Amino acid sequence: MQIPELAIDVSHLVTHYGSRKILDDISFQARQGEIMVIMGGSGSGKSTLLRHLLGLHQPTSGSIRLLGKDITQLNADQMYDLRKNMGVAFQGGALFNSMTVGENVELPLREHARLDENTMRIMSRMKLEVVNLAGFENLMPAELSGGMIKRAALARAIVMDPRLLFFDEPSAGLDPVVSAELDELILILRDAMNMTIVVVTHELESAFKIADRITVLDQGRILMSDTVTAVRASDNPRIQSLLNRTPRNEAINPDEYMERLTREIF
Amino acid sequence: MDIQIEDRLPFKLVRLSGDVDLHSSPRAREAILNALKLKMPLLVELSAVSYMDSSGVASLVEGYQTARKQGLEFGLVAVAQSAMNVLKLARLDKVFPIYDSLDEII
Ligand SMILES: Nc1ncnc2c1ncn2[C@@H]1O[C@H](COP(=O)(O)OP(=O)(O)O)[C@@H](O)[C@H]1O
Ligand SMILES: [Mg+2]
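## Topic: the overall build of chain A
When helices and strands are tallied, chain A shows ten helices and ten strands. Radius of gyration (C-alpha) of chain A: 21 Å, near the 18 Å computed for a compact globule of 266 residues. Burial statistics for chain A: of 266 residues in total, 50% are counted as buried. Residue pairs at least 24 apart in sequence account for 65% of intrachain contacts in chain A once pairs closer than 6 positions are excluded. Accessible area of chain A: about 13,200 Å², with a carbon and sulfur share of 48%.

Okay, structure coming up:
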């Protein structure tokens, strides 16, 4: 199987909802085996960008190359073929409540392949093993905790061994221990399978732990798309406020500082 | 994907080559399960496999369990890297008998 070096290559992407511009001149790349974290405040366009990467929306202009193919130019059959190489874990898990966990995990196999029932069952159980849900295949989603639902959704996303994995807000609504476990899993998947992984998150700690590169969105534009080290070192005030820390090298104005500390006291 | 079946007494030897993926793995499964019907110990040789996905590994799992149920020896020989990645991810590298080469077992 031929794998282009750039697994994701987004170039000058522009998109509108109605007449409102939502994404403006977005360009970034991810190599095969890289973990790209997309960050940004609420409403900055993270989910919109993810939906475009998944081919769920057609942009106004620009190109989105996944595994060497520009998805804005593909027909439905070509997109269907490409989707076999793409796994998606949505924010809420998006499991079907009427199906068991195992049936949920098998779903992409039924959609995309013609395999023996035994093969599908073994494949889904192998992935439940990977996400530490061994033996849970016969439970219903309603019987799972929030963290377990995310892990089941991850098992479903990887059941076809995708080259590209997209993960929307893996840690949202989870306690720190459970979200750290998910971060660990994301790293294991990349290391074992050389998957290219796109994670949308606003959890800074998680982003720094898993990312090779971070793309920071601000009001639909890219503020920065660079390595973790470069993002950490950035002196852009908007990045700094996202990182929620004062730059170490920022000159302190003693009058302003004292005023901030003592306002309404003196 | 190509399949070759040989006798390497006391074993039956199934050699897979090329891509063992969603498309081709049903044939690999069938070859392995059919070979086991001969009630001979089975080796699956994978040195010429260029790519193996989870569906291929699932077929190996089903073959191994079928062999175990009948008390037949079963082993993997010269496991290619992509197959090893899938095996390791599910910790199956600690479950299957795995040999580096045929010389090691025959
Ligand atoms: N379906 C939609 N129709 C119109 N506007 C939308 C729609 N979805 C999102 N938006 C707007 O697009 C902007 C980006 O939203 P979104 O991509 O959801 O941001 P984020 O995921 O970063 O919070 C927001 O201003 C939001 O109100
Ligand atoms: Mg969002």
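## Some remarks on the confidence of the model for chain A
Taken as a whole, chain A shows an average pLDDT of 89; of its residues, 95% reach a score of 70 or greater. Across chain A, the element-wise mean pLDDT spans from 76 in helix 10 (residues 254-262) of chain A up to 97 in strand 4 (residues 61-66) of chain A.

## Description of the packing of aromatic side chains
Any two aromatic rings considered together are summarised by their centre-to-centre distance and by the angle between their planes. For the structure shown, the criterion picks out three aromatic pairs over all chains. Pairing Phe74 of chain B with Phe96 of chain B gives two aromatic rings, centres 6.3 Å apart and planes at 35 degrees, and the pair type is tilted. Separated by 22 residues along the polypeptide, Phe74 of chain B in strand 4 (residues 74-77) and Phe96 of chain B in the loop between helix 3 (81-89) and strand 5 (98-99) bring together distant segments of the chain. Judged by relative accessible area, which is 2%, Phe74 of chain B ranks as buried. Ring pairing ties together the aromatic residues Tyr64, Phe74 and Phe96 of chain B, which thus form one cluster. Note that Arg232 of chain A overlies the ring of Phe208 of chain A, its terminal NZ or CZ placed 4.0 Å from the centroid. The ring of Tyr64 of chain B carries the charged tip of Arg68 of chain B above its face, separated from the ring centre by 5.2 Å.

Rules and cut-offs
- Residues numbered from 1 in each chain as written.
- Chains lettered and ligands numbered in written order.
- Predicted model: local features only at pLDDT ≥ 70, side-chain atom pairs only at ≥ 80, totals over all residues.
- Heavy atoms only, no water.
- Helix = DSSP H or I, 4+ residues; strand = E, 2+ residues; numbered from the N terminus.
- Rg over C-alpha atoms; globule rule 2.2 N^0.38 Å.
- Buried < 20%, exposed > 50% of the residue type's maximum accessible area, 1.4 Å probe, protein only.
- Contact = heavy atoms within 4.5 Å.
- Areas by Shrake-Rupley, 256 points an atom, 1.4 Å probe, with all protein chains shown as cover.
- pLDDT = per-residue confidence, 0-100.
- Phe/Tyr/Trp six-rings, centres within 6.5 Å; stacked < 30°, edge-to-face > 60°.
- Lys NZ or Arg CZ within 6 Å of the ring centre and 35° of its normal.

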